[in-house]
Amino acid sequence: MRRRLLLLGPALGWWAVFLVIPVSLVIAYSVFERGTYGGVVPTLTLDNFARAVDPLYLRVLLFSLRVAVLATVIALLIGYPAAYFIATLPRRWRTPVLVLVILPFWTSLLIRTYAWIVLLNREGLINRGLEALGLVGEPLPLLYNEFAIVLGLVYGYLPLMILPIYSSIERLHPELREASSDLGATPLRTFVRVTLPLTLPGIAAGCIFVFVPSLGSFIVPDLLGGGLAIMVGNLIQAQFLKARDWPFGAVLALILIALMGLLLFLQAWLLERDRRQAIDG
Amino acid sequence: MNGRNIGGAGRRAAVLLGALALVVGACGASASPTPEKPSGKIVVSNWDLYFPETLISDFTKETGVEVEWVKHTTNEDIMGKLDASNGSGFDIVFVSAQFAEALNNRGWAERLDRTKLANIGKLDPQADKLGYDPGNTFSIPYTWGTTGLCYRSDLVSFTPDSWNDLLDPPAELDKKITALATDRWLLLPALKALGYSANETDEAKLNEAKDLLISAKQRLLAYDDTTFYSKLVSGEALLVEAWDGWCNYGIAENPDIKFVVPSEGSDLWSDTMVILKSSTNKTAAYAFIDYILRPAVAKTVVDLTLYKVPNPEAMALVDAETLAAFPNLAMTGEELLKGEPLRDLGDAAPLWARIVAEITAGQ
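Residues numbered from 1 in each chain as written. Chains lettered and ligands numbered in written order. Predicted model: local features only at pLDDT ≥ 70, side-chain atom pairs only at ≥ 80, totals over all residues. Heavy atoms only, no water.

## As for the overall build of chain B
The helix and strand tally for chain B stands at 15 helices and 11 strands. Compactness check: chain B gives a C-alpha radius of gyration of 22 Å against a globular reference of 21 Å for 363 residues, within 12% of the reference. Principal-axis analysis of the C-alpha atoms places the extent of chain B at approximately 75 × 45 × 35 Å. Across the 363 residues in chain B, those meeting the buried criterion constitute 57%. Excluding contacts between residues fewer than 6 apart, the proportion of contacts in chain B whose partners are at least 24 apart in sequence is 74%. Carbon and sulfur atoms make up 55% of the accessible area of chain B, which totals about 14500 Å². In chain B, the 33 positive side-chain charges and the 50 negative ones have mean positions that sit 6 Å from each other. (Helix = DSSP H or I, 4+ residues; strand = E, 2+ residues; numbered from the N terminus. Rg over C-alpha atoms; globule rule 2.2 N^0.38 Å. Buried < 20%, exposed > 50% of the residue type's maximum accessible area, 1.4 Å probe, protein only. Contact = heavy atoms within 4.5 Å. Areas by Shrake-Rupley, 256 points an atom, 1.4 Å probe, with all protein chains shown as cover. Lys, Arg positive; Asp, Glu negative; His and termini not counted. Charge placed at Lys NZ, Arg CZ, Asp CG, Glu CD.)

If you want it as structure tokens, here you go:
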């Protein structure tokens, strides 16, 4: 018992200090009143929740969901083949290629996002290049729109899609695929019936890893969206910093947390069901 | 929390200066009651790149007071820190006027004793009339200026002079305009174009401004607080809403860039120095502010930031070449006071946040 506590202690402590306490504070703030010049007044109220039921905030939430789903789907379409390719490389090549995948994380996302501005703006490298090649007459509107936001999110979080998928493909025994093809399945059928179902946990993990930070992102819509569209993250940030309305910011944050919690629960439930079916079947 | 221990070098300098003061005192038996000698250490929070390179080291050399410069990125950043520490941890904070007002309303700002600021007379008399703190009772302005239009005179076919040039631009400017992203300045052009206050709290008037801004948004390239002047330099934007000093950064790279304050009027912004009540070394804090009020020191702030300082003698020291290159540096206190000083929004802040969300989420 004592050894278990010893082993689990650091993780539990971390969990308590960096998850339980902050989330409890957010919950507590959500039922308090805003102080005129900042901070909170500990008067209990449910007004903050009532204020959140508003078509304006629903519209922002729906836009955020659309952007996050788009980013996740595109990251999956790019990430799965990439992960598959890496997993089939000769063993000595895999580590260097994986290092290349995570290399961008060595630089701050903020700086890499600014780099996209340099590339995409009307006078930027891409437009200048296209014009020099005579491919376009007018510069393309590549920046300060939804396209740029989705691009920035896919770029930023793609490694988080590739890594879990890679590890699930790499763990797959080649014998399973061989057996499938020996039994007469075409490569496509083998992929759909064997490889894909068995790498589903990696896909699910990758999708969650991309979707969750995309939904809460506020730097990317600010910089690449030019502030012309806002996501939930911007809304929450504005409540805390601009309006000094911590209680309302806390309510919006709770809604986001609840939404993400629901998704994680759904993912766990689906995987569990899948696993049971696999065992029963 | 902040150990205010005197560092070795600091202490040596302090001892030396102390000895010097004794000698001077003995020789002169001079003027007025000897003010308390500053010593020890102060913690100052200011934006990055907002102190001239040698300001702190020169001050330390002269007084022996060690200055720890903590950098904040935004007003909101330092306000958040003060919220978390209940207004302690710093001796002096540099914040914009409306945030100084909030600091005072929370009871965290020290009521200033002007007799401890020998150079207070150097401050522009106009700077005593700012609505957020008449008479500068809890804040001393460090820099001040206004907001206007910054444009490429070589690429725009007319001379902009109205906020409507930004809100309802001719076709040549379509998607070649940026506006400031921070709520106070995001609403400023529409409020002024409609003849309302920059500190408007009336919901109907704010809604009117909102509608105007949602329609103006269709023509906007982006909301931009940080890179608008480089967009002008690259030609990506031709007309931008800009703070006077930041327009100067564009002018420095391209003299065809010009600044104008629209005819409908604008704001008056100022960045101020506030001593916190919780400061445990107020003598040194006063000495630091007094040092910055010296014209020769304040002049170096102008050289670095290309902002105006509320210190006529310091402005007079700025070399002719700089003044010629950046015409808006010549604006006097009287001219600046035609602008409306920004005030804290108090209970209207959530309404402003909602209006801004409606504008930025609006189609």
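## Details of the state of the cysteines
Residues and elements named next belong to chain B. Overall, the coordinates contain 1 disulfide over all chains when judged by the stated rule. Across the disulfide, Cys150 is cross-linked to Cys247 (sulfur-sulfur distance 2.1 Å). When the S-S torsion is 85 degrees, as for the bridge of Cys150 with Cys247, the disulfide is right-handed. In this pair, Cys150 is assigned in strand E5 (residues 147–152) and Cys247 in helix H9 (residues 244–253), connecting sequence segments 97 residues apart. Overall, the relative accessible area of 0% leaves Cys247 in the buried class. (Disulfide = S-S within 2.5 Å.)

## Quick look at the packing of aromatic side chains
Inspection of every chain in the model, using the stated rule, returns 26 aromatic pairs over all chains. Between A:Tyr57 and A:Phe248, the ring centres sit 5.4 Å apart and the planes meet at 55 degrees, which makes this aromatic pair tilted. Remark: A:Phe248 occurs in helix H13 (residues 246–280) and A:Tyr57 occurs in helix H3 (residues 55–87); sequence separation between them is 191 residues. Grouping residues by exposure puts A:Tyr57 and A:Phe248 together as buried. Aromatic pair B:Phe51 and B:Phe288: ring centres 5.8 Å apart, planes at 80 degrees, arrangement edge-to-face. Highlighted residues: B:Phe51 in the loop between strand E1 (41–47) and helix H2 (55–63) and B:Phe288 in helix H10 (residues 282–293), separated in sequence by 237 residues. B:Phe51 gets classed as buried once you look at its relative accessible area, which sits at 4%. Site record: aromatic cluster; members linked through ring pairs are B:Trp47, B:Tyr50, B:Phe51, B:Phe59, B:Trp69, B:Phe94, B:Tyr142, B:Trp269, B:Phe288, B:Tyr291 and B:Tyr307. Between the NZ or CZ atom of B:Arg184 and the centre of the ring of B:Trp352, over which it lies, the distance is 5.1 Å. (Phe/Tyr/Trp six-rings, centres within 6.5 Å; stacked < 30°, edge-to-face > 60°. Lys NZ or Arg CZ within 6 Å of the ring centre and 35° of its normal.)

## Some points on the nonpolar core
Most often, soluble globular proteins have nonpolar side chains that are buried together. Within the largest apolar cluster, 137 residues are counted, with the highest numbers of intra-cluster contacts made by B:Phe51, B:Leu55, B:Ile92, B:Phe94, B:Ile140, B:Leu187 and B:Phe288. Per element, the largest residue contribution to this core is 12 residues, and it comes from helix H7 (residues 146–171) of chain A. Split by domain, the residues of this core number at least three in each of domain 1 (8–144 + 270–331) and domain 2 (147–265 + 342–361) of chain B. Here B:Phe288 is in contact with B:Ile42, B:Val44, B:Phe51, B:Leu55, B:Ile56, B:Phe59, B:Val67, B:Ile92 and B:Phe94, once residues within four sequence places are set aside. If you look at the next biggest cluster of nonpolar residues, it comprises 20 residues, including A:Phe211, A:Val251, A:Leu252 and A:Leu256. (Core = buried A, V, L, I, M, F, W, Y, C linked by side-chain atoms within 4.5 Å. Domains from an automatic or database assignment.)

## Some details on the interface of chain A and chain B
With 30 residues of chain A at the contact, the number on the chain B side is 32 residues. At the boundary of chain A with chain B, total buried surface from both sides reaches about 2600 Å², with 56% on carbon and sulfur atoms. When the buried surface of chain A facing chain B is broken down by residue, A:Tyr37, A:Arg122 and A:Leu228 rank first, second and third, together holding 26% of it. In this structure, the connection of chain A to chain B is made through 3 salt bridges. (Buried area = accessible area lost by both parts, 1.4 Å probe. Salt bridge = Lys/Arg side-chain N within 4 Å of Asp/Glu carboxyl O.)

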